[in-house]
Every structure is written in structure tokens, then in C-alpha cells.
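Results of the structural survey
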Amino acid sequence: FLAAADGLGSIAIDTTQLNMSVTDPTAWATAMNNLGMVPGLAGQQLVTDSICVPGFDPSLSMMTGITPINPMIPGMGLVPPPPPTDVPVVKEIIHCKSCTLFPPNPNLPPPSTRERPPGCKTVFVGGLPENATEEIIQEVFEQCGDITAIRKSKKNFCHIRFAEEFMVDKAIYLSGYRMRLGSSTDKKDSGRLHVDFAQARDDFYEWECKQRMLAREERHRRKMEEDRLRPPSPPAIMHYSEHEATLLAEKLKDDSKFSEAITVLLTWIERGEVNRRSANQFYSMVQSANSHVRRLMNEKAAHEQEMEQAKESFKNALTGILTQFEQIVAVFNASTRQKAWDHFSKAQRKNIDIWRKHSEELRNAHSEQLMGIRREEEMEMSDDDSGDNPSKKLRVDDSALAAQAYALKEENDSLRWQLDAYRNEVELLKQEKGQLFRTEESLTKDQQLQFLQQTMQGMQQQLLSIQEELNNKKSELEQAKEEQTHTQAMLKVLQEQLKSAKELAEINGHDESQANEINVLTVALVNQDREKNSEKRSPGLKSEKEALLIGIISTFLHVHPFGANIEYLWSYMQQLDSRISANEIEMLLMRLPRMFKQEFTGVGATLEKRWKFCAFEGIKTV
């Protein structure tokens, strides 16, 4: 059954464990064919891991380059052709030492399995007989491969972990088989197996480790490929020192080492190694580099001369080739004349005509190329005035004077460059001093501006607070004036009532005690009227902040039954809001006489004003 499970027959089964009846020769042949064994050869394996070839070395193809032959291909004679895909695989009875496995009905659909987890090496086996032991389970499933662990449960199922992943596919093949222990017919000794993929942390961990290893190998391979394809790095440039500078100056004088030395010199200058101390040394190296200009010009002139000679030789060769082309074309033209043309056959005439046309095309192309070269020479000659110019003779004769003039010019240029360098240094020093002076002045000016801005902001805040206090004072003054006018009017009314009451008392003959009662009554009425007026005049709360302040002050004074002075109350409120003033708190307390009242305690120097919370008393009086 294992050969049918993996479709290849790459695993051999010990045939001593397979005890099948041979009463039916056809069934026996089918079973042996499905198991990958030749009928009639008991114990002989048909397909082994070395693919049935005696002494076959799998690594032979790698050394020889010969493509290995797959003996599993149908028609090779090693394995019978596989059954068609639409025909279900016939499962046979499997006999083991302790149990027997009966195949499921081939007409039923194959058992369902869950999605295979990555790196799965563990299978779930359900439907085991109740009396099945770990030894029996191992006897059945060890034919699929090496078992590393079996975890059996009391509820007729277990988990089996194999050594390799392909062994799981062979175990899944057993799903649907009915298992019977021995020859017993008891229900506890039989059960229908259900084999499915199981998700185990160990399998997933090993799979992740393998994937990480493959990723590391891929990264290493890519890095090696990048390193192989990366262009070589340029040689490292040594750091500047006086010793290295002297060596570099010697290299600059050598024509063979000039290209390497000029690269180092350029790198040092770009790094900023030039300073006052090393300026002269760098100037000498720059001068040495300049001395190679004459050599390079001479080399260029030599190469130009070589190029002219090559052009001349090419022109001569091209002229000879063109002459030979003309001769060939003349031969073809002579062949096409009637004297010779009549003696050639039709095929020969056709070939001669084709050759003549081809030769004429080549001759025309070469003649055009030669004419182009001649036109270029004529243009160069017109640019150079003439070849016999007397100025050239003077240049040849006066070469010594020209060399002296060139040397004087170089010396003059070097002196001028030195002067420019000194001027640049002086300008840089001036700029540095000017920048330092400007930075100090700008810093002081910025500090002064910041200080002035801060003072202006502070003054603006003070002006705003003073304006608010002035507006509050104005409103308080207006309220006091209104109270004063109201009380004066009330006093006048009460005085008139008092006079009228006294006159009535005298007329009616009331005694003095009744007059006193009238006076007390008038005073109470005045106080009551004042309280009413204060209630009318006291405006409502202006903002949510005032409501919060009233709540906090009420709570504070409630826990101080003997009252607290305004300084103590203000120090407490300062911890909550640092912008509040004692005057604002006092004005707020004075606006609510039914909630807060002011009392005087002590005599003389110990006189102290205290505010108390009286809202509960005010509610009772109301």
C-alpha cells in the first residue's frame, strides 16, 4: 500500500510481515503490483532507493554529464505503467502481526483532510480501537517511516510524529481503513481509522529554521555574486605627511608614475591639506605637474604624425585597391563585348553580369571614400595658409628663443599665482575678523531686541490688568452711588413715617415703650430693605471661572468654621491659579452677602477681618 501511496514505490516493505492468501492468483498479482513487488519473487524488492540498477551511483550523472534515466517512466520495463488518473487506486487488505487492516469501499469518496501545515511531520490518527496499544500503533505506522514520538490519548486517538515530511503522505494513505485486533469481533477491538495532518509547534519551528537557513544561503549566494560583479575598488590614498609629500614630489617627476601621483595630489588638495605651512610644498608639486604639459604636447604631436603617416599609407593602399577594381571592371566590360559574349552559355552570362555589377558597386564605394579623404586634406591645407609659410621657418630657426620665452612666461605665471594666493589669504583673514565682529554685534542686538520685546509684553499685560481693575472699580462706584441714593430715599420715607407715627402716639397717648418698639421695627425694616436691595443689585455670575472660585472658596471656608482672612484665602487660591489677585477674591465675596459675611475680631492692633461661610443661615432666613 505504501508504493501506491507515494506513486513511486520508493520504499520497500518487509514481505515477511505481509501474509496474504494466494487462493486467488489475480488478487495476489494485483496486491503485489500495488506494493511494488514482482509476483512470484517473495522478499525481493522491485524499486529501491538506488533505482534497481546494480551498482548504480546517483552522483555519476554529475561527474559524467550524462542525463540519468528515470526508471519510473512507463515503458522502461522497470515499473508497470501507472493506472489512469480517473481510475481509483485499488486498496488491498493489509495483514500485520497483531491486527488486520481492511480497505474502505472504493466507491465512496476519499476521506477529507485539512490544509497541510508547513513542514508537517505529525499526523492525527482517530477512530482507534479502544484496546489498541502503542505497540500495535507503532507496528502499523512504522512501515510508513521512522517514528520519533507517539502521543496516545484515552479517547481513541493519538498523534504520531515522523522523521521526514514525505512519511506523512504514506500515513495519510491509511485513512479510511478499518482496523481489527486479531480475530476478535468485539467493538472495543475494531475501529475505522481517520488519518489527517496535525499542526505541531515542533514541526513549524523546524520548518522556520529550515526556511531561515535557506534564506541565509540565498543572501550569501547573492552577496557572493554581487561581490564578484562589483568593480574593483580604487587603491587607498595615503594620508598627508611631509615624508609622503617628498615621495610624491619624486613620483610626479617620473613619467611612468605620474598618473598615480597626480591622483594622490588631487585627493590631498580636495581634502583640504593645503595650509600656510604646506603651501610651498604643494606649490612645488603643482609646478611639477605643470612641467608635464610640454611632454604631453610632444606626445600628442608624435601621435598626430603617426596618424598622418597611417592616413597616407591607408590612402596609398586604397588607391592600389581602387586600381585593381578598375582592372577587374575592365575585364568584365571586355567579356560583355560581342566577340567573347557569344561564346558563353546563358548561365555563364548571368554569372558574369552579376559579378560585373557587384564589382562596379564596390569600385564606386571605394572611389567615393578616396575622394572624401582628398577633400579633407584640401580643407586642412586651406586652413593652414600654405606649407611654405616663412613664419614656420622663423619658428624652426628661433626655437631657442621660444623656449626661453616660454620659461619666462611660466615663471611669471607662477609669481602671479603666488600673489593671488597671498591676496586670497589676506581676504579670508579679513572676512573671518569681520564675521567675528559682526556675529558679536548681531548677538548683542538680538539680546537687546529680545529683552525689549519681553519688557513690552510685560507692560502690555500690566496695562490690560490695570484696565480691568479700573473697569471693576468704575462698576463698583456706580453700584455704591445707586445704593447711596436708594438708602437716602428710604431714610426720608422712614423719617416721615416715624414723625407721623410719633404724632399719632402723642395724640393717642401711647407710652415711650411703644415708641421704642416702633424705632426697632423701623431699623429692622431698613436692614431688611438693604438686604433686598443688595440681592437685587448683586448681578449673576459672569463666567464659569467665577462659579468654580465660589465653589472652592465655599469648601475652604466651610472647613474653617471660625473664618479666614483674605490673605490666607488668597495664598490658598494662588496654588490653584497663580494669576488671581486678592482684590478679585474680595470683590467676589462682597458680591454675595447671603453666602459670605465679614466679621471683625480683636481690638486695636489685633483687629482682624475674617470672612465666614453663611449660606446655610441665609437659606434658613429666606
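Residues numbered from 1 in each chain as written. Predicted model: local features only at pLDDT ≥ 70, side-chain atom pairs only at ≥ 80, totals over all residues. Heavy atoms only, no water.

- You'll find the protein entered in an unreviewed UniProt entry as ENOX1 protein, with Mionectes macconnelli given as the organism.

1. Re the overall build of the protein
- From N to C terminus, the protein includes 18 helices and 10 strands.
- Sorting the 622 residues of the protein into buried and exposed places 22% on the buried side.
- With the model as given, the accessible surface of the protein reaches about 45100 Å², and the carbon-plus-sulfur share is 56%. (Helix = DSSP H or I, 4+ residues; strand = E, 2+ residues; numbered from the N terminus. Buried < 20%, exposed > 50% of the residue type's maximum accessible area, 1.4 Å probe, protein only. Areas by Shrake-Rupley, 256 points an atom, 1.4 Å probe, with all protein chains shown as cover.)

2. Observations concerning the sheet that holds strand S2 (residues 99–102)
- Pairing in this open sheet of 4 strands is antiparallel, and the strands run S1-S2-S6-S7 from one edge to the other. Of all the strands in the sheet, the pair left with one neighbour each is strand S1 (94–95) and strand S7 (190–192). (Pairing = 2+ DSSP bridges.)

3. A closer look at the packing of aromatic side chains
- Applying the stated criterion to the full structure yields 9 aromatic pairs.
- Each member of the aromatic cluster is reached from another via a ring pair, and the members are Tyr240, Trp268 and Phe282.
- In this arrangement the basic side chain of Lys91 is found over the ring face of Tyr173, its NZ or CZ atom lying 4.7 Å from the centre.
- Between the NZ or CZ atom of Arg295 and the centre of the ring of Phe258, over which it lies, the distance is 5.8 Å. (Phe/Tyr/Trp six-rings, centres within 6.5 Å; stacked < 30°, edge-to-face > 60°. Lys NZ or Arg CZ within 6 Å of the ring centre and 35° of its normal.)

4. A short note on the pattern of salt bridges
- Under the definition given, this model contains 25 salt bridges.
- We note a salt bridge from Asp227 to Arg230, for which the minimum N-O separation is 2.7 Å.
- The residue Glu546 makes a salt bridge to Arg591 at a minimum N-O spacing of 3.4 Å. Of this pair, Glu546 sits in helix H15 (residues 544–558) while Arg591 sits in the loop between helix H17 (582–590) and strand S9 (596–601), placing them 45 residues apart in sequence.
- Taking relative accessible area as the criterion, Glu546 reaches 16% and is therefore assigned buried. (Salt bridge = Lys/Arg side-chain N within 4 Å of Asp/Glu carboxyl O.)

5. Concerning the nonpolar core
- Residues Val125, Phe141, Ile160, Phe162, Leu174 and Met179 are the most contacted members of the largest nonpolar core, which totals 30 residues.
- Within the residue set of this core, elements represented by two or more residues are S2, strand S3 (122–126), helix H4 (134–141), strand S4 (147–152), strand S5 (157–162), helix H5 (166–172), strand S6 (178–181) and strand S8 (194–197).
- Setting aside anything within four residues of it in sequence, one finds Val125 in contact with Phe141, Asn156, Phe157, Cys158, Ile160, Leu193, His194 and Val195.
- Ranked by size, the runner-up nonpolar core spans 16 residues in total, among them Ile550, Leu569, Ile585 and Leu589. (Core = buried A, V, L, I, M, F, W, Y, C linked by side-chain atoms within 4.5 Å. Contact = heavy atoms within 4.5 Å.)

6. What about the side chain of Lys121?
- For Lys121, the location among the structural elements is in the loop between S2 and S3.
- The residues touching Lys121, leaving out its near neighbours within four places in the chain, are Ile160, Arg161, Phe162, Ala163, Glu164, Glu165, Val168, Asp203 and Glu206.

7. A closer look at the UniProt feature "coiled-coil region" (unreviewed entry) in the protein
- In this structure's numbering, the residues bearing the UniProt feature "coiled-coil region" (unreviewed entry) are residues 286–313 and 405–497.
- Measuring from the first to the last C-alpha atom of residues 286–313 gives 41 Å, for a span that is 100% helix and 0% strand. (UniProt positions renumbered as here; feature names shortened; annotations may be inferred.)

8. Notes on helix H8 (residues 258–271)
- With 14 residues, H8 should cover 20 Å at 1.5 Å per step; its first-to-last C-alpha distance of 20 Å lies within 8% of that length.
- Regarding H8, the residues found buried are Phe258, Ala261, Val264, Leu265, Thr267 and Trp268.
- Where H8 is buried, its residues meet helix H7 (242–253) and helix H9 (279–335).
- Positive backbone phi, at 90 degrees, marks Gly272, one or two positions downstream of H8. (Expected span 1.5 Å × (residues − 1).)

9. Notes on a nonpolar patch on the surface
- Where nonpolar side chains cluster on the molecular surface, the patch consists of Ile269, Val274 and Val286 and spans about 210 Å² of accessible area.
- With respect to the helices and strands, the residue Val274 is situated in the loop between H8 and H9.
- Judged by its relative accessible area of 42%, Val274 is partly exposed. (Patch = residues over 30% accessible without salt bridge, like charges linked within 9 Å, V, L, I, M, F, W, Y side chains within 5 Å.)

10. Some thoughts on the side chain of Asp413
- One can find Asp413 in helix H13 (residues 399–508).
- By relative accessible area, which is 17% here, Asp413 ends up buried.
- For Asp413, the side chain forms a polar contact with the side chain of Arg416, separated by 2.9 Å. (Polar contact = N/O pair within 3.5 Å; in protein donor to acceptor, adjacent residues only side chain to side chain.)

11. So, the packing of helix H16 (residues 566–576) against H17
- Packing of H16 against H17 brings their axes to within 9 Å, and their N-to-C directions diverge by 115 degrees. Judged by the inter-axis angle, H16 sits roughly perpendicular to H17. Between H16 and H17 the crossing geometry is right-handed. Contact with H16, carried on its side by Ile566, Leu569, Trp570 and Met573, involves Ala582, Ile585, Glu586 and Leu589 of H17 and no other residues of that element.
- Counted by class, the contact of H16 with H17 contains 7 nonpolar, no polar and 1 charged residues. (Axes fitted to C-alpha atoms, helices over the stretch in contact; angles between N-to-C directions. Parallel < 35°, antiparallel > 145°, perpendicular 65-115°, else oblique. Left-handed = near helix turned anticlockwise from the far one by under 90°. Nonpolar A, V, L, I, M, F, W, Y, C, P; charged D, E, K, R; others polar.)

12. What to know about the packing of H15 against H16
- For the pair H15 and H16, the least separation of the axes is 11 Å and the interaxial angle reads 130 degrees. In terms of their interaxial angle, H15 and H16 are classed as oblique. The two elements H15 and H16 meet at a crossing, and its hand is right-handed. For the pair formed by H15 and H16, the contact residues are Leu549, Ile552, Ile553 and Phe556 on the first element and Tyr568, Leu569, Tyr572, Met573 and Leu576 on the second.
- For the contact of H15 with H16, the class distribution of residues is 9 nonpolar, no polar and no charged.

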